[in-house]
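Examining the three-dimensional arrangement
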Protein chains: 4
Amino acid sequence: MGSGRIRVGVIGLGTIGRRLVSAVTSQPDMVVSGIGVRRITPFALASRRVGHVLFHTAKCGDAIETHDGDDYAGGLDDLLATSDVIADARQAGLGATFIPRYRRSAIAAVFQGGEKASDVDCTFNSFVNYEAASRHSAIRITSCNTTGLTRVLTTLHREFGVDRCDGVLVRCSTDPDKGNNGLVNGAAPTLHESHHGRDLREIAPELRVYTQAVAVPMSFSHVQALTIQFKRRVTAAAIIELLENTPRIRVGDHTYGTTTGDLANYFAYTAEPRQSRGDRIEVFIWRESVAAEGSVVKLITSVDMQAITIADTVDCIRRMKFPKLARSECLLETDRNLGIAKQPELYRHVGVERAN
Amino acid sequence: MGSGRIRVGVIGLGTIGRRLVSAVTSQPDMVVSGIGVRRITPFALASRRVGHVLFHTAKCGDAIETHDGDDYAGGLDDLLATSDVIADARQAGLGATFIPRYRRSAIAAVFQGGEKASDVDCTFNSFVNYEAASRHSAIRITSCNTTGLTRVLTTLHREFGVDRCDGVLVRCSTDPDKGNNGLVNGAAPTLHESHHGRDLREIAPELRVYTQAVAVPMSFSHVQALTIQFKRRVTAAAIIELLENTPRIRVGDHTYGTTTGDLANYFAYTAEPRQSRGDRIEVFIWRESVAAEGSVVKLITSVDMQAITIADTVDCIRRMKFPKLARSECLLETDRNLGIAKQPELYRHVGVERAN
Amino acid sequence: MGSGRIRVGVIGLGTIGRRLVSAVTSQPDMVVSGIGVRRITPFALASRRVGHVLFHTAKCGDAIETHDGDDYAGGLDDLLATSDVIADARQAGLGATFIPRYRRSAIAAVFQGGEKASDVDCTFNSFVNYEAASRHSAIRITSCNTTGLTRVLTTLHREFGVDRCDGVLVRCSTDPDKGNNGLVNGAAPTLHESHHGRDLREIAPELRVYTQAVAVPMSFSHVQALTIQFKRRVTAAAIIELLENTPRIRVGDHTYGTTTGDLANYFAYTAEPRQSRGDRIEVFIWRESVAAEGSVVKLITSVDMQAITIADTVDCIRRMKFPKLARSECLLETDRNLGIAKQPELYRHVGVERAN
Amino acid sequence: MGSGRIRVGVIGLGTIGRRLVSAVTSQPDMVVSGIGVRRITPFALASRRVGHVLFHTAKCGDAIETHDGDDYAGGLDDLLATSDVIADARQAGLGATFIPRYRRSAIAAVFQGGEKASDVDCTFNSFVNYEAASRHSAIRITSCNTTGLTRVLTTLHREFGVDRCDGVLVRCSTDPDKGNNGLVNGAAPTLHESHHGRDLREIAPELRVYTQAVAVPMSFSHVQALTIQFKRRVTAAAIIELLENTPRIRVGDHTYGTTTGDLANYFAYTAEPRQSRGDRIEVFIWRESVAAEGSVVKLITSVDMQAITIADTVDCIRRMKFPKLARSECLLETDRNLGIAKQPELYRHVGVERAN
C-alpha cells in the first residue's frame, strides 16, 4: 500500500464514516488502509466490493467474533498496524474511549464533533487553528453547525471586524439515516445557551458569538439565522462579495431553492459542485438574505450536517502527517479533490490563524 | 338576545372563527348574533345544535343558494342587521374586500392579521394602542407572532427600556386543520426581513425590533428566539419576575414541556388555564431560556397561533362599543371570562399606550 | 369518598392516565380515589388543584422520597388501601411488574395494551368478552388499533359473517406528547405480521384477521385500510347502516375532514361528541370509503390512539365490581357519561360475546 | 450528434426530467438532442455546463422571450427538428396539451404517469405491453406506484397465477424537491378506490388488483403493503427466489434499512446499484415481509417514486425507434447502462406480454 500516501483507517460507516471513505479515496496523497466496522452490513459489503478491506473494531480488545471471522481482515490491532492515521467516526461519545488505545499504538486520531472537547487534545477547524493539527495526536473537528458558523464569522471578522454575533440555529432533529429517532410535529428549543457559539468562542475567543438552537422535524441540513454587529458600517454588497470569494462558502439565490429540501435537490442534480449524492461541503448563504443596516448585518445560511466537516477532517489528516504544509496549499488540495475548489489565490488568506 | 349585550356577528368558522364564537360566548356582556358561513359543514351544524344561528355570507351581495336555503336564517344583510360588530375571520385577504359593505351598513368590523395594514383604518394590539379601537370602524388585530412579540417587548420596554431586539421566528408552515398544505422535511426561510418586527415598529416606532423567520414542518405553535439589548444592565431574575406579573404572559419551566407538542398537551390536559381544547391565549416563555449578560437578554417563547389573538379581538370589540372603558378594566374582564386572569392590580399598567 | 361508588386509583398521568382520570370522574358510580405519580409535575399539580389526591408510586416498595414528602398523601400501599380497583397506566411494560403486589393486596387491576398478554389473566374488549372482566383480577385492555379493529369486525361478523379480513394499519410513530421520539421523513413497516390481527384472533378465534403495519411521521390518530371478505354478498349501504347504528362507531363523510389532522380538529371544535380536548373515543369510518363488490368490502377508518380504549377501560372496571351487570347496561352507562351514547336499543347486541 | 443514435429531446428539468437526461446520456445508442425549459434556472445552467443545449419550450407556439434570447438555442420547433423522440416530463397534465403539436411534427412522444390515459394512445409498462411502443406515437408510462405494482404482480402471476391482489399504498404526499407542498402531521386517505390498481387492470385485465392509498408526511419513496391470493398454494421461499431472479426487482433484508429513509441512504451510499444520487430504479421488497399461508402471500415493497419509471421510459423510446427489437434485449440493454442489470438469461421472460 502507499508509496508515501497517508494510510487512513476509517472506523464506522455511519453518516460521517461513509463520506470519509469517499473523501479520502478522492485524495491522491491518501489511501483508505481499511474500514473498521462492528458487523457486516450491506454498507460494509458494498465497500468491500469496491476494494476496501474490512476490520472488526467493535470493542476495544474484543476478539473477532468467530462466526463472522472469515469476513474480516483482522481486528483493531491489525487496522492500527496498517494505518498512519485513524479517522474515528463511531457514534458520538464512543470514539474518545479509544484514545488510550490509539496512544499506546502511537497513532494519531481524528474524531468528530460528537466527542467532548475535554476528552481530546484539541478542537480543530481549518479556518481557525490549522497549524495545531501537527502538534496533537487526538483531535476532534468542530461540529457541523459550529464549522459553518466558523467559516462565515472568521471570514467576516478578518475583513470587517465583528463586534458580536447572535445566531439562532434551526436544527434537524435527526440525520436522514436515523429517521426513526426524531421529532414529530413540534419544535424542541435548547433551553440554555447552545454549545455552538461557546465552542467557537473557545477556539477563537476574540469572536463574541452567542447561539440559541431549536430542533425541528426535518433531516435535511440546518438553517442558521444570524445577526452580526460589526465594528464599523458595512454594506450588503461588500459582505456578499467577500463571501463569494471565500473557499468553502457558496452564495446562491432563491433559484437554488427556497427550502432546504430544494437546496439538497439542487446539489444532488447538478454537476457542480461535483460531490456525488448531493453532499454539500460548502456552507450555503442565501444572497437575498444578506441585509445591512448601519453596522448590523443579517443573513441566513444552510449547513449540510452530513458533509460540511469532511473538508476539515481531510485537512487535519494531511497537516498531521505533513507538519510543514501551508494552510493555503493544504486546503486547496483538499478542495480540488473534493471538486469544490475556488481560484487558488482565494486560499491565501482564510479565516483567522491562531496558535492554540 | 341583547338587553345591552354587544351583538357580535362572527363570519367564518375556520381556525380563528371557531375560537371567536367560543370567546364571545364566554363574555357576559357579549352575544354571538349569528355565524356567517359559506356552506353547511359539520362545524356549522354543530354550532347550530348548540343554539347558534347561521347566515349565508359566501360572497358580497350573493343571493342565498336555493338548495341550502332553509338551512340559513338569512344572508349577509340579515346578519349585519342583527349585529353591532362584525368579527370577520374569513380567509386571509378576503375579509378586507367587504369593508365597503360594512361601511355602507355603518357597522364596525374587526379583522385578523391576514388582512393588509393598508386596507384597514388601524392595526390594533391591546398592549399598544387600546384606545384607538373606539376611533375606527375597520380594524385588524396584529398577527399571532406579532401579538406575542408585542406583549413581551412592550412590557420589557416600559420597565427597563429596550434598545433593540433581534428575533428569529421558527414558524409552523400550516395550521392543524390545514395539514395538507405544509412543508415536508425542510425549512423555508423568509429571505428578506419578516413582516413581524416591521409590523410592530409601525404601531410602536420606539421599539427597534427586527425579525427573521423560518417555516418548518410543524403545526403546533411557533417558537421565537429573541436577543434583546436593553439600555441598561438587567438580571434574568428581574426579567422573569416582571414577565410573571404581566397578564397574558405565562412563564413556565421544562416540566411544562420541552417541545411545543408537549406544551400543547399540557394546556389541553390541565385545568388551568381553563380554555378548553388546549388553546393557549397566553404567550409562553421558558424560564430556563431567560439569560442575561450585561444589558443583553436572550429568551425563548412559544406562541399558539390559533388562540393568542383572541384576547385582543375581544378587547377591541368591547372598546369599540364602550369608548370610555379603561384598558385595565377591559382586559381584566376579557381575561376573567377566558379563564386566564391574573391579579387585578397587574392590569393597571400593561405594555405601552399610544394615541394612534 | 364513596357511599358505594367504585374507588379507582389511577397510576400514571401520561396520555392514557390523564384521560382515565377525566373519564372516571365523569362516571357518577365511580370516583378517583387517588393518582399515583413518580414526581410532582405541572400535570400532577393541576390535578391536585382540582381536588385529586396524589400518591407516590414510583417503584414497587419504595419509600416516599423525603424532599417531596409533604407533596404526597402517601405511597403505593396507601393508594391501594383506599382503592377498589387500580387503573395502571404506567409506561408500557412497567405496569405488569406490579401484578404480584396488587395480588398481595387482593386488588383488581386494569392495564393498557402495552402490557404483554402473557403477563395478565385476560385481554379484554367490551365487544368480545365483556363478562370475563368479573372473573379475573389482572386484565389488560386491547391496544388502540386492535380495539378499533375489534369494534368494526365483530359488528360486521355478527350481522353478515366475515370470512377473512386483511388490514393495513398506517400508524403514528409517536403520541402528541412524545413528539421527540418519532419518525422524520420516512415510513417504518413492521416487517412481520403486526400484532393487531393476531391479538384479535386470540380473543376471537373465529375472526380470521391478518394485519400489516407501517409507522409514519405523524402523531394524530392511526388510519386503517381494510379489505373484508364476507361469507355472502353485501352492499355498501347495508354496511354503512349497520355501522351507523352501532355504539362507539362514528360514520362521517369528507366534510368532517379529509386528513386525520382535520378530523382531530373537528372533534376538538364541535359540541358533539362532548369529549373535551378533541378526544375521539369512537372509531371513525369515512362513509365514502365503504365500497362493496360482490362479497368483498373495503373501508378506511381512523383511530384516535389516545382515547379509544378509555371506554373499554371504564366498562371493565364497572364489570369487575358489578359482576351481574349486563353488557348493554354497562356500555350505555359508560357512553352516556362520556357523552357518546347512541340510542339505548342499539346497545342490546354489540360485537360478539365469548366466555373466555 | 447522431450516427444512428436516437436523438431524444427532454422537456422539463423537474424530478423526472433531470433523471431522464442522465438516463438517456447513459445509453450509448441514445443522445440528448436538447433540453426544453421554461426559464434559465441553476439546474438549466448546470446542464448547459456539462454540454447540453437548452431550448425554450414554455408554451406551445410562444416566441422565445427576448431578454433571455441568447441563452437558448431555439424554441420548441427547433427542438423538434433536431429530435427523433420527445420525452415530455412537464408538470402533470400539461404534457398532453402538446400532443397535437407533436403529431403535426410527426414526432413520437413519451409522457409520464401524470397525464391521463384518455389523452394518449397507450399506457406503457415494459412488463406488460412492451411491443405496443412501436405502434403508437403518444404514449404515457404507468405511474410510479403502478409501475412497482406491475413488476411484482405480473412476475408472480406468470409463474404462480394470481387470483386477486389487495394493496394499500402508503404514499409520499410530495416529492423531495416540492417539500413546501405536502402534509404536516396527518394522513390523507384516498376515499375511493385509488387509481393504481385500476390502471393496472386496464392494461392487464387478467390481474384483479384493487388498491387503497393513504398519503402521509414524507417525501422518500412510497410503501406498498400487499395481500396476494394465488390460485394455488405457494411458499414464501419460492416467491422470494422468483423475485430475486427478476430484473428490476430487488429483494433485501432489514440490514438495508428498516425505514424508507434508511433505504434511500443505502442506495445513495453503496456502489451498487450504480445509480448516482441514491436513485432506486428497482422495486425494493423486504425479504422478511414475505409471508405465505396456504395460497395467500403478504409482502411489503418500497418504490422510489422519483426513479422507478426511468427504465420503462428508456425501453419505450428504444422500442419506438427499433420496432423489431425483442423485449429481452431492450430491457437488458437499458439495465446494463443504468447499472442495474441482472444475468442476461433472467430477461428472457419478464412479466406478461400483451398485444394492446
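Rules of the game
Residues numbered from 1 in each chain as written. Chains lettered and ligands numbered in written order. Predicted model: local features only at pLDDT ≥ 70, side-chain atom pairs only at ≥ 80, totals over all residues. Heavy atoms only, no water. Helix = DSSP H or I, 4+ residues; strand = E, 2+ residues; numbered from the N terminus. Rg over C-alpha atoms; globule rule 2.2 N^0.38 Å. Buried < 20%, exposed > 50% of the residue type's maximum accessible area, 1.4 Å probe, protein only. Areas by Shrake-Rupley, 256 points an atom, 1.4 Å probe, with all protein chains shown as cover. Lys, Arg positive; Asp, Glu negative; His and termini not counted. Charge placed at Lys NZ, Arg CZ, Asp CG, Glu CD. Contact = heavy atoms within 4.5 Å. Buried area = accessible area lost by both parts, 1.4 Å probe. Salt bridge = Lys/Arg side-chain N within 4 Å of Asp/Glu carboxyl O. Core = buried A, V, L, I, M, F, W, Y, C linked by side-chain atoms within 4.5 Å. Axes fitted to C-alpha atoms, helices over the stretch in contact; angles between N-to-C directions. Parallel < 35°, antiparallel > 145°, perpendicular 65-115°, else oblique. Left-handed = near helix turned anticlockwise from the far one by under 90°. Nonpolar A, V, L, I, M, F, W, Y, C, P; charged D, E, K, R; others polar. Phe/Tyr/Trp six-rings, centres within 6.5 Å; stacked < 30°, edge-to-face > 60°. Lys NZ or Arg CZ within 6 Å of the ring centre and 35° of its normal. Least-squares fit on C-alpha atoms with pLDDT ≥ 70 in both. Pairing = 2+ DSSP bridges.

Okay, the overall build of chain A next. Looking only at helices and strands, chain A features 10 helices and 15 strands. Compactness check: chain A gives a C-alpha radius of gyration of 20 Å against a globular reference of 21 Å for 356 residues, within 12% of the reference. If you line up chain A on its principal axes, its C-alpha atoms span 65 × 50 × 40 Å. A buried classification covers 66% of the 356 residues belonging to chain A. Working note: accessible area of chain A is about 12000 Å², and carbon and sulfur atoms make up 48% of it. Distance from the positive charge centre (43 side chains) to the negative charge centre (40 side chains) of chain A: 2 Å.

On to the interface of chain B and chain A. On the side of chain A, 38 residues touch chain B, which itself brings 38 residues to the contact. Summed over both sides, the interface of chain B with chain A buries roughly 3100 Å², with 65% coming from carbon and sulfur. Interface area lost by chain B to chain A is led by B:Asn185, B:Leu191 and B:Gln212, which between them contribute 22%. The interface formed by chain B and chain A holds 2 salt bridges in total. Linking A:Asp166 and B:Lys298 is a salt bridge whose minimum nitrogen-to-oxygen distance equals 2.7 Å.

Turning our eyes to something else, we now look at unusual backbone geometry. Among all residues save glycine, negative phi is the norm, and among peptide bonds the norm is trans. Residue B:Asn185 is not a glycine yet carries a positive backbone phi of 45°. You will see that D:Ser221, though not glycine, has its phi angle at about 55°, which is positive. Examined against the element boundaries, D:Ser221 turns out to sit in the loop between β10 (209–216) and β11 (222–230).

The next point concerns the nonpolar core. A:Leu156 and B:Leu156 are the most contacted members of the largest nonpolar core, which has 194 residues in total. Non-local contacts of B:Leu156, meaning those with residues more than four positions away in its chain, are made with B:Gly161, B:Val162, B:Ile228, B:Phe230, B:Ile239, B:Leu242 and B:Leu243. By size, the runner-up hydrophobic cluster in this structure holds 193 residues, among which are B:Val37, B:Leu54, C:Phe284 and D:Cys172.

Turning to the packing of helix α5 (residues 144–160) of chain B against helix α6 (residues 195–203) of chain B, a few remarks are in order. Residue and element names in this part refer to chain B. For the pair α5 and α6, the least separation of the axes is 9 Å and the interaxial angle reads 55°. For the element pair α5 / α6, the angle class is oblique. Crossing handedness for the pair α5 and α6: right-handed. Along its contact with α5, which presents Asn145, Thr146, Leu149, Thr150 and Leu153, the element α6 presents His195, His196, Gly197, Asp199 and Leu200. Here the residues of the contact of α5 with α6 sort into 3 nonpolar, 6 polar and 1 charged.

Bringing the environment of C:Ile228 into the picture now. All names here are of chain C. Relative to the elements of secondary structure, Ile228 occurs in strand β11 (residues 222–230). Along the sequence, Ile228 and Val314 sit 86 residues apart, while their C-alpha atoms lie 30 Å from each other. Leave out the neighbours within four places in its chain, and Ile228 touches Leu153, Leu156, Val162, Arg164, Cys165, Ser295, Val296, Val297 and Leu299.

Looking now at the packing of aromatic side chains. In this description, a pair of aromatic rings is defined by centroid distance and the angle of the planes. Considering all chains together, one arrives at 38 aromatic pairs over all chains under this definition. Residues D:Tyr102 and D:Phe111 carry aromatic rings whose centres are separated by 6.1 Å and whose planes lie at 35° to one another, so their mutual orientation is tilted. Measuring from centroid to centroid gives 6.3 Å for D:Phe267 and D:Phe284, while their planes differ by 80°, and the two rings are edge-to-face. Note that D:Phe267 is positioned in helix α8 (residues 260–269) and D:Phe284 in strand β13 (residues 283–286), a separation of 17 residues in sequence. Here D:Phe267 and D:Phe284 have matching classes, each one buried. The rings of A:Phe43, D:Tyr256, D:Tyr266, D:Phe267, D:Phe284 and D:Trp286 are connected pair by pair, giving a single aromatic cluster. Of note, A:Arg90 hangs over the ring of A:Phe98, and the distance from its end group to the ring centre comes to 3.4 Å.

The next point concerns the relation of the copies chain B and chain D. Overlaying chain B with chain D gives an RMSD of 0.0 Å, the required rotation being 180° about an axis along which the chain moves by 0.0 Å. Viewed as a symmetry operation, the transformation between the two copies matches a two-fold axis. Looking at chain B, 100% of its interface residues are interface residues in chain D too, so the copies touch through the same face.

Another aspect to go through is the sheet that holds strand β6 (residues 122–124) of chain C. All names here are of chain C. On the basis of which strands lie adjacent, the open sheet formed by 7 strands has the order β3-β2-β1-β4-β5-β7-β6 and parallel pairing. Each of the sheet's edge strands pairs with one partner strand only, and the pair in question is β3 (54–56) and β6. Ignoring strand direction, the axes of neighbouring strands in this sheet form an average angle of 30°. Where strand β1 (residues 6–11) meets strand β2 (residues 30–37), 6 bridges bridge the pair, whose relative direction is parallel. Bridge pairing links Ile6 to Met30 in β2. The strands that helix α1 (residues 15–25) touches are β1, β2 and β4 (85–88); relative to β2, the one it contacts most, it runs at about 160°.

Now for the relation of the copies chain B and chain A. Rotating chain B by 180° and translating it 0.0 Å along the rotation axis places it on chain A, where the RMSD comes to 0.0 Å. Taken together, the interface assignments show that 100% of the residues at the interface of chain B recur at the interface of chain A, consistent with an identical surface on both copies.

Our next topic: the sheet that holds strand β3 (residues 54–56) of chain B. Residues and elements named next belong to chain B. Across the sheet, which stays open at both edges, the 7 strands sit in the order β3-β2-β1-β4-β5-β7-β6 with parallel pairing between neighbours. Unpaired on one side and paired on the other, β3 and β6 (122–124) mark the two borders of the sheet. On average, adjacent strands in this sheet sit at an angle of 30° to one another, irrespective of strand direction. Examined bridge by bridge, strand β2 (residues 30–37) and β3 share 3 bridges and lie parallel to one another.

Residue-level contacts link 12 residues of chain B with 12 residues of chain D. Summed over both partners, the interface of chain B with chain D buries about 780 Å², with 58% contributed by carbon and sulfur atoms. Of all residues in chain B, the largest losses of buried area upon contact with chain D belong to B:Gly179, B:Leu183 and B:Val184, amounting jointly to 53% of the total for that side. Along the contact surface separating chain B from chain D lie 0 salt bridges.

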